[in-house]
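Chain residues, written in single-letter form:
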Amino acid sequence: MPAHLDPRLLRAFLAVAEELHFTRAAARLYVAQQALSRDVRRLERELGAELFVRTTRQVTLTADGERLVPYVRRVLAAQEELLAAFGQARPLLVDLNSPGLVTGRRVLHRARELAPEHELMARFESGLTGAAAELVAGRLDASFGRYAGLDPALRAQLDHQPVRYEPMAVVLPEDHRLAGSDVVPLAALAGETVYAGAGNPRTPEWTELAHRLFEGRGIEVAAPVPLAVGDEEFQRIMAKMRNPILAVVEFPAMPSTVVRPLVDPVPLSLVSLVWRKGLVHPGFEALRRAAVELAAEEGWLRRPAEGWIPAIDVNTVSTHI
């Protein structure tokens, strides 16, 4: 047995063990696939054990590989803790979807207060599906959004913690027939075509939620529009199309529009904290604790009696508890 194992070899092994795919593991670690394969073979030689069964169609762990995984996770976690103790931990990268959304931003701010010794940095990936690919690849650490709306293959590689039942709203042009109301009953949107991100590859979980909400109510989901990058372009496209926009009650203000809560029933978007399985970082526990604290203080996980939420999302909460 070797007297020393290079942590780089352990990271290479763990990436392949979690991805079960050398190309994805190499992208996650920002290394060439050839270099990754070389590191895995070196680790196998040093341990005197075959860790993976490789075919042209798939990669699977051997019994020795399965046995090694928990040891490697503990070793790498200890290394992260050691580096953190001397101020050398890498930043925790937290996706907030969009700059104006409130829930994720408040959790991140609280986490920074709880763990000022760690660097927690915001990123903006627009939607959870877009962020999930980055989480799986190891280029992001955590995100927020509708976990139940992700593809099952993505969910299998991620973990989550429900944070908030966020009431939904509609953004209306200020001269829209419903703009003068304080709230908008869902029935009042019958006959309308509402924008819900259709065609945006980063947000299909939101569009799918809209289809569930509008089904049987005479409300149409607007067809895809040119994909806008940045707030200014999004506002320009929406002003041009003039469709109501499905949003949440704390959606940031846009010129010449009003935000009106939806009622009868109150539709809810279940926001979860989502992260890659096996994530180890000294600042991550502060992020999870912040989510728990704020949910308790603000009553974020108290579901209103008049609230509407799809059964699949309810199951997300019940299976997590």
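An account of the accompanying structure is given in this report.

Criteria and cut-off values
Residues numbered from 1 in each chain as written. Predicted model: local features only at pLDDT ≥ 70, side-chain atom pairs only at ≥ 80, totals over all residues. Heavy atoms only, no water. Helix = DSSP H or I, 4+ residues; strand = E, 2+ residues; numbered from the N terminus. Phe/Tyr/Trp six-rings, centres within 6.5 Å; stacked < 30°, edge-to-face > 60°. Buried < 20%, exposed > 50% of the residue type's maximum accessible area, 1.4 Å probe, protein only. Salt bridge = Lys/Arg side-chain N within 4 Å of Asp/Glu carboxyl O. Expected span 1.5 Å × (residues − 1). Arc of directions from axis to C-beta. Contact = heavy atoms within 4.5 Å.

### Brief notes about unusual backbone geometry
Then comes step 1: The residue after Asp 264, namely Pro 265, is reached through a cis peptide bond having omega 0 degrees.
Then comes step 2: Assignment of secondary structure puts Pro 265 in the loop between strand S11 (257–263) and strand S12 (266–276).
Then comes step 3: The backbone of Ser 126 shows a phi angle near 80 degrees, a positive value even though the residue is not glycine.
Then comes step 4: Inspection of the secondary structure assignment puts Ser 126 in the loop between strand S4 (120–123) and helix H6 (128–137).

### So, the packing of aromatic side chains
Then comes step 1: All told, the structure shown has 3 aromatic pairs when counted by the stated rule.
Then comes step 2: Ring centres of Phe 13 and Phe 52 lie 5.5 Å apart, and the angle between their planes is 45 degrees; this geometry places the pair in the tilted category. Here Phe 13, found in helix H1 (residues 7–19), pairs with Phe 52, found in strand S1 (residues 52–54); they are 39 residues apart in sequence, far enough to count as distant.
Then comes step 3: Judged by its relative accessible area of 0%, Phe 13 is buried.

### Section: the pattern of salt bridges
Then comes step 1: Across all of its chains, the model carries 22 salt bridges by this definition.
Then comes step 2: Across the pair Arg 177 and Glu 192 runs a salt bridge, and its minimum N-O distance is 3.2 Å. Placement of the pair is Arg 177 in the loop between strand S6 (158–173) and strand S7 (184–185) and Glu 192 in the loop between S7 and strand S8 (193–194), with a sequence separation of 15 residues.
Then comes step 3: Residue Glu 192 is classed as buried on the basis of its relative accessible area, which comes to 14%.
Then comes step 4: By sharing partners, the salt bridges in this structure join Arg 110, Glu 113, Arg 289, Glu 293 and Glu 297 into a single network.

### A word on helix H10 (residues 284–298)
Note: α-helices contain 3.6 residues per turn, so residues at a spacing of three or four share the same orientation.
Then comes step 1: With 15 residues, H10 should cover 21 Å at 1.5 Å per step; its first-to-last C-alpha distance of 21 Å lies within 8% of that length.
Then comes step 2: Three or more residues of H10 are buried, namely Phe 284, Ala 286, Leu 287, Ala 290, Ala 291, Leu 294 and Ala 295. Projected onto a plane normal to the axis of H10, the buried residues spread over an arc of 165 degrees and lie on a single side.
Then comes step 3: In this structure, the buried residues of H10 make contact with strand S3 (92–95), helix H5 (103–114), S4, strand S5 (142–145), S6 and S12.
Then comes step 4: In the segment just after H10, Gly 299 is the residue with positive phi, at about 70 degrees.

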